Amino acid sequence: MAIYSYIRISSTDQNEDRQFLSLNDLNIPSENIFIDKQSGKDFNRPSYKNLVGRLKNGDLLYINSIDRLGRNYEEIQNQWRLLTKEKGVDIVVIDMPLLDTRLNKDLMGTFIADLVLQILSFVAQNERENIRKRQAEGIISAKARGVQFGRPPKKTPDNFGELVKQWEQGKTALNEILKICDMKETTFYKRLGEYRIIQRFEGKNRVKK
């Protein structure tokens, strides 16, 4: 029998130390600890796939909590069946002693474990959906306050109008204009369109006066 563990964190800026601490006394070989830094929305994760390929009948798998396995209700159920029924692997969920497939293998024990698994799987997916909702609400609120997301827009040089005139008159090549403005061609044409709209607007205002 080989002993394995699976660790998952949602992004590269999160820390897996808490999950490692829970494994301290289990004597799991380092080569048998598989880590993914990826969302739990599905099981299309490289380390998890490698782990499943290694697991054999009678092996033991530790995970810190159900939400570290995944956050999709239906897929958690499917993967649990794959591991425990098809591959014959025992699973221990460290923070939930009722989810230890080595224990209570009678009908009542199996029923209770299945029920707990369904509840925790539901909680895991529900929390993921709540996180996404809070993130969306946060973005909407931030945008309403004028917070800009992504890269800041490339600033147009103060003499952009003069540079455009030189380019239109053939006095300066486009490549040279792009270097002076420190812009890509697509950005230049976007700024050019904005510049011409402003010029037309200001021209109309002068005519009205």
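Quick notes on the rules
- Residues numbered from 1 in each chain as written.
- Predicted model: local features only at pLDDT ≥ 70, side-chain atom pairs only at ≥ 80, totals over all residues.
- Heavy atoms only, no water.
- Helix = DSSP H or I, 4+ residues; strand = E, 2+ residues; numbered from the N terminus.
- Buried < 20%, exposed > 50% of the residue type's maximum accessible area, 1.4 Å probe, protein only.
- Contact = heavy atoms within 4.5 Å.
- Areas by Shrake-Rupley, 256 points an atom, 1.4 Å probe, with all protein chains shown as cover.
- Pairing = 2+ DSSP bridges.
- Axes fitted to C-alpha atoms, helices over the stretch in contact; angles between N-to-C directions.
- Polar contact = N/O pair within 3.5 Å; in protein donor to acceptor, adjacent residues only side chain to side chain.

A. A look at the overall build of the protein chain. From N to C terminus, the protein chain includes eight helices and four strands. By the burial criterion, 33% of the 209 residues in the protein chain qualify as buried. Contacts in the protein chain between residues far apart in sequence, at least 24 positions, make up 64% of those at least 6 positions apart. Total accessible area computed for the protein chain in this model is approximately 13800 Å², and 52% of it derives from carbon and sulfur atoms.

B. Structural detail: the sheet that holds strand β2 (residues 33-37). Spatial ordering of the open sheet is given by β2-β1-β3-β4, a layout of four strands whose pairing is parallel. Two strands lie at the open edges of the sheet, namely β2 and β4 (90-93), each paired on one side alone. Neighbour to neighbour, the strand axes of the sheet diverge by 20° on average, direction disregarded. Sheet topology note: the strand β3 (residues 60-63)/β4 ladder contains four bridges and is parallel. Across the sheet, the residue bridging to Tyr62 is Val92, located in β4. Contacts from helix α2 (residues 46-54) reach β1 (3-9), β2 and β3 within the one sheet, and its direction differs from that of β2 by about 155°.

C. Inspection of the side chain of Ser5 at higher detail. Position of Ser5 relative to the elements: it lies in strand β1. Since its relative accessible area comes to 1%, Ser5 is described here as buried. Here the side chain of Ser5 touches Tyr62 through a polar contact of 3.1 Å, landing on its backbone oxygen. Aside from chain neighbours lying at most four places away, what touches Ser5 is Leu23, Ile28, Asn32, Ile33, Phe34, Leu61 and Tyr62.

Keep in mind these values describe shape, not function.
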